[in-house]
Amino acid sequence: MNHLDPQRHVRGESQYLDDVPVQQGTLYAAVYESPLAHGVLRGLDLSAAQKAPGVVRILTAADIPGRNQIGGIVPDEPLLAEGHVHFRGQPVALVLARTERQAHAALKFIKADIEPLAIITDPREAAAQGELIVPPRTFRIGDSAGAFAGCAYVFEGVAETGGQEHLYIETQAAYAYPTELGGVKIISSTQGPTAVQRHCAVVLGLGMHQIEVDVTRLGGGFGGKEDQATPWGCLAALGAFVVKKPVKLVLDRMADMRMTGKRHPYSSDFKIGLSQDLKIMAYEVTYYQNAGASADLSPAVLERTLFHTTNAYCIPNVTATANSCRTNLPPNTAFRGFGGPQGMFVIESAITKAAEELGVPPSKIQRRNLLREGDLFPYRQPAEMCHAEQAWDTAAELFDLAGERAAIAQFNQRNQLFKKGLAMMPICFGISFTKTFMNQTRALVHIYTDGSVGISTGAVEMGQGVNTKIAQVAARTLGISIARIKIETTNTTRVANTSPSAASATADLNGKATEMACQALRERLLRHASAEFAVDYEGIQIENEQVLAAGIPAETTWEKLVSSAFVRRVALTENAHYATPGVHFDASVEQGHPFAYHVYGTALTTATVDCLRGTYTIDAVRIAHDFGQSFSPAIDRGQIEGGAVQGIGWMTLEEVSYNEEGRLISNSLNSYKIPDLYSVPAVLDVHFLDTPGHPNAILRAKAVGEPPLMYGIGAYFALRDAVRAFQPGVALPLVAPMTPERVLGGLYPEFVAVAAAKQVVAE
Ligand code: LUZ
Ligand code: MOS
């Protein structure tokens, strides 16, 4: 089964938000952003801008009819700045003009009177000043402090990971228009239509029933539109509501990069204790998450970091503490992996540091400590249907870990200017929203009288192929062809109160709801056939659009069955509700069973470093992955390949950089590099492990969205391995991304020391 959309995409037939025909009288919006990262907003001079050509109206916080509040988890985020500004790029005013150009041209005439305040960009500095978004949280199992005393080896260190720009191809956008009875309809490029609806209702002072949000598809999300499509939806809706005209708001690329949050950078302290035979006995870690200026999803991201503190390892004594630190940067947000990758980088750093100090390959410590059936995670859920060792051993054998290592050692002995490195990267990722209540959704299935089928769910198609999967589930359950099925837009009036398409759980949740609705319809149609043809219900089947049973005429097709059911007044619509069974969590003790299941896998990564230039190639990434029983192998393989490459980008090339004034330096594709065709690994193998899947996974095919991103962490450690082949024992900080500049610093530490000294002199 191939993804249903790509042919339409390449022919330009797919309808994205910007392809929606605009209505007559549509106004275009542009956002005036705070020019300072922190300050008291004393006043705004709009007079010149109001006279600029084409300008119809300029809206500020004073024009908001409801509450000026779009915070989700914590109510700490105004839609438009009021009283203070907290980051550069914070929306302050909205210009509405007759054309997009005129709206943007008017921005430069706006003057803000801002009294500057001190700027914090560093999470540790924020923590030191007590600037925490929520109180710190600690996950604890065993007694780590006591266990260190009995350890043969104890190592401590600091690990840091940087931000990551989502770089969805389609930038943030919304198109809103007034509807009768004073409501608003919003076409939004969002992963979370209900979030847009809920916040628009608050901002406009309306009931949620007055707001309709519709989503056809997104040109990528990656978490960047889980919460952060909301401001643009609300701003367009505010304009439409106040001016009573359609309003379209599309961010250009650089505005999107400046104004939206990214993956959270983390700085972390770790301490790891091992026994003589390399069992990890104790692990302590303190995370400092750079949350940006408001909470957004940071507390949930922080929680997922804690859930992934020990990655795929069993560690009996763990204390993990996490701080969400408020800084004067755009609010950081969901990004594929959602804090999991940040936590997993730290434990891999701790293991690597221990291995380097002990002079053993990290893989020796990794393999010895992998999770086994029944082992407890620090949050007390047991590892069930655990495939950590199977994934590792399959990867090690299939991709010849021993042979690769020997070949690399030989290469490194023979070459002075090029060095190769290798790393193994096991992953274990929990599937479910960590907030239990979010694990619910609905599907609304109509069978039309001609036998065609329309399906609405809470799932948003963002390129990941969820619509194809839902169509497959329905086709299988009903016994009909995919060609009869249409997956409708995601719309809040058809399917209400949805969770965002996120947490890798969208196909599971919405697929299960679809399966339930289709099962109910199928059963109803078979009961009808049983009555109509006076045959035993148990014996009837629908296969390939044929209704099959002894006693049923051979020409009885799906179409005939449906039309005869309609004539008999049988309901051809079904609405099903699905809630993941068995998940719960008690945050007061930080224990429970938050995940429906875990996904496992292992990647073997090799890399080559040019030791003159510091440049490198990631040569091969070979992955043994636990898909369960994949029913869309082409889509699933694509998710693993794309996720791994996105993870490699985060770990190597992509460097989000702000200056001390909180200004984004990496503000365009000139200065922010993502993997391109030339930098992706030449070899990217994906092996489907033979695993049974899980009953909580749709048709036993496990979730594939986020887990593969963390294979990219292997690229960091493979590069580190290569650098150390050139400079044995070099004190290379555990800081990602491993840009060519950082590689050069590892290859020539004395050169970097000289350069730093020169800079001090120059200053
Ligand atoms: N969003 C969320 C997520 O609200 N909760 C989660 O656990 C999650 N995990 C991954 C991505 N988005
Ligand atoms: Mo996501 S980080 O599952 O939107």
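Since the model is a prediction, treat every value here as computed from it, not as a measurement.

1. Things to note about the overall build of the chain
A count of helices and strands for the chain gives 20 helices and 29 strands. Radius of gyration (C-alpha) of the chain: 27 Å, near the 27 Å computed for a compact globule of 763 residues. When the backbone C-alpha atoms are referred to their principal axes, the chain occupies close to 85 × 75 × 50 Å. Looking at the chain as a whole, 55% of its 763 residues qualify as buried. Summarising the internal contacts of the chain: among those between residues at least 6 apart in sequence, 79% fall at separations of at least 24.

2. Some words on the sheet that holds strand β6 (residues 111-116)
Hydrogen bonds along the backbone pair up the strands of a sheet, which may run parallel or antiparallel. Ordered in space as β4-β2-β6, the three strands form an open sheet in which the pairing is antiparallel. For this open sheet the edge positions go to β4 (84-85) and β6, each flanked by a neighbour on one side alone. Pairing geometry for strand β2 (residues 39-45) and β4, over two bridges, is antiparallel. Paired with G39 across the two strands is V85, which belongs to β4.

3. With respect to the confidence of the model for the chain
Predicted confidence across the chain gives a mean pLDDT of 97, with 99% of residues reaching 70 or more. Summarising per-element confidence for the chain, the mean pLDDT is lowest in helix α20 (residues 749-762) (71) and highest in strand β5 (residues 91-97) (99). Interface confidence for the predicted complex, expressed as ipTM, amounts to 0.94; the pTM equals 0.97.

4. Comments concerning helix α10 (residues 340-358)
Between its first and last C-alpha, α10 extends 27 Å over 19 residues, near the 27 Å set by a 1.5 Å rise per residue. The element α10 is extensively covered by neighbouring structure, given that 16 of its 19 residues are classed as buried. The positive-phi residue at the C-terminal boundary of α10 is G359, with phi of around 70°.

5. Description of the UniProt feature "domain: Aldehyde oxidase/xanthine dehydrogenase a/b hammerhead" (unreviewed entry) in the chain
According to UniProt, the feature "domain: Aldehyde oxidase/xanthine dehydrogenase a/b hammerhead" (unreviewed entry) maps to residues 11-118 in the numbering used here. The span residues 11-118 carries 11% helix and 31% strand; its end-to-end C-alpha distance comes to 51 Å.

6. Some points on the domain arrangement of the chain
By the assigned domains, the chain splits into domain 1 (6-118 + 166-259), domain 2 (266-433 + 589-753) and domain 3 (440-579). Relative placement of domain 1 and domain 2: their C-alpha centres are 36 Å apart. With 25 residues of domain 1 at the interface, the matching set in domain 2 holds 24 residues. Looking at the side of domain 1 that touches domain 2 residue by residue, the classes come out as nine nonpolar, nine polar and seven charged.

7. A short note on the sheet that holds strand β18 (residues 453-457)
Judged by pairing direction, the sheet is mixed, and its four strands sit side by side in the order β19-β18-β17-β23 without closing on themselves. At either margin of the open sheet sits one strand with a lone partner, and together these are β19 (485-487) and β23 (573-579). On average, each strand axis in the sheet is inclined to that of its neighbour by 20°, with strand direction left out of account. Pairing geometry for strand β17 (residues 440-447) and β18, over five bridges, is antiparallel. Along β18, the bridge assignment pairs A443 with T457.

8. Remarks on helix α12 (residues 388-398)
Three or more residues of α12 are buried, namely A388, A391, W392 and A395. Projection of α12 onto a plane perpendicular to its axis shows the buried side chains occupying an angular sector of 95°, all on one side. Looking at the packing, one finds that the buried side of α12 touches α11 (362-368), β16 (418-431), β26 (597-610) and β27 (616-625). Of the residues trailing α12, D400 is marked for its positive phi of about 55°.

9. Remarks on the packing of helix α14 (residues 466-478) against helix α15 (residues 506-533)
The contact between α14 and α15 brings their axes to 9 Å, and the two run at 25°. On the basis of their axis angle, the class for α14 and α15 is roughly parallel. Here the hand of the crossing between α14 and α15 comes out right-handed. Of α15, the residues touching α14 (which contributes V466, K469, I470, V473, A474, T477 and L478) are T506, A507, N510, G511, T514, E515, C518, Q519, L521 and R522. Across the contact of α14 with α15, the residue classes break down as eight nonpolar, six polar and three charged.

10. Re the site of ligand 1
Taken together, the residues surrounding ligand 1 are E226, L297, A300, R304, A334, F338, F433, T434, K435, M438, A502 and A503. Its residues placed into classes, the shell around ligand 1 shows eight nonpolar, one polar and three charged.

11. Let's talk about the nonpolar core
Residues A29, A93, V95, I186, A236, A237 and L719 are the most contacted members of the largest nonpolar core, which totals 231 residues. Per-element accounting of this core gives the leading share, ten residues, to helix α18 (residues 713-726). Contact partners of V95, with chain neighbours within four places excluded, come to A29, A30, Y32, A49, V55, I58, A103, A106 and L107.

12. What to know about unusual backbone geometry
For the bond running from A736 to P737, omega is 5°, close enough to zero to count as cis. With respect to the element layout, P737 can be found in the loop between β29 (734-735) and α19 (740-747). Here K244, not a glycine, exhibits a phi torsion of approximately 60°, which is positive. Residue placement: K244 occurs in the loop between α7 (230-243) and β12 (247-250). Not every positive phi belongs to a glycine, and E590 is a case in point at roughly 55°. Within the secondary structure, E590 sits in the loop between β24 (584-586) and β25 (591-593). Here E590 falls in the partly exposed class, since 19 other C-beta atoms lie within 10 Å of it.

13. Quick notes on the environment of P692
Along the chain, P692 turns up in the loop between β28 (683-688) and α18. Residue P692 is classed as partly exposed on the basis of its 13 C-beta neighbours within 10 Å. In sequence terms P692 and A736 are 44 residues apart; their C-alpha atoms lie 35 Å from each other. Look past the residues within four positions of P692 in its chain and what remains in contact with it is M385, G628 and R700.

14. Some words on the packing of helix α6 (residues 193-204) against α7
In the contact formed by α6 and α7, the axes pass within 9 Å of each other and the chain directions differ by 45°. As summarised for this structure, α6 and α7 are arranged oblique, according to the angle between their axes. The element α6 and its partner α7 pack so that their crossing is right-handed. Contacts between α6 and α7 involve A195, V196, H199, C200, V203 and L204 on the former and, on the latter, T230, G233, C234, A237, L238 and F241. Class assignment for the residues of the contact of α6 with α7 results in nine nonpolar, three polar and no charged.

15. Considerations on the environment of L689
Along the chain, L689 turns up in the loop between β28 and α18. Exposure remark for L689: the 19 C-beta atoms within 10 Å place this residue in the partly exposed category. Excluding anything up to four places from it in sequence, L689 contacts H387, Q390, A391, T394, A624, H625 and D626.

16. Some points on the environment of Q629
By the element assignment, Q629 lies in the loop between β27 and α17 (633-651). For Q629, a count of 16 C-beta atoms within 10 Å corresponds to the partly exposed category.

The rules behind the values
- Residues numbered from 1 in each chain as written.
- Chains lettered and ligands numbered in written order.
- Predicted model: local features only at pLDDT ≥ 70, side-chain atom pairs only at ≥ 80, totals over all residues.
- Helix = DSSP H or I, 4+ residues; strand = E, 2+ residues; numbered from the N terminus.
- Rg over C-alpha atoms; globule rule 2.2 N^0.38 Å.
- Buried ≥ 20, exposed ≤ 12 C-beta atoms within 10 Å, placed from the backbone.
- Contact = placed C-beta atoms within 7 Å.
- Pairing = 2+ DSSP bridges.
- pLDDT = per-residue confidence, 0-100.
- Expected span 1.5 Å × (residues − 1).
- UniProt positions renumbered as here; feature names shortened; annotations may be inferred.
- Domains from an automatic or database assignment.
- Nonpolar A, V, L, I, M, F, W, Y, C, P; charged D, E, K, R; others polar.
- Axes fitted to C-alpha atoms, helices over the stretch in contact; angles between N-to-C directions.
- Arc of directions from axis to C-beta.
- Parallel < 35°, antiparallel > 145°, perpendicular 65-115°, else oblique.
- Left-handed = near helix turned anticlockwise from the far one by under 90°.
- Near = placed C-beta within 6 Å.
- Core = buried A, V, L, I, M, F, W, Y, C linked by C-beta atoms within 7 Å.

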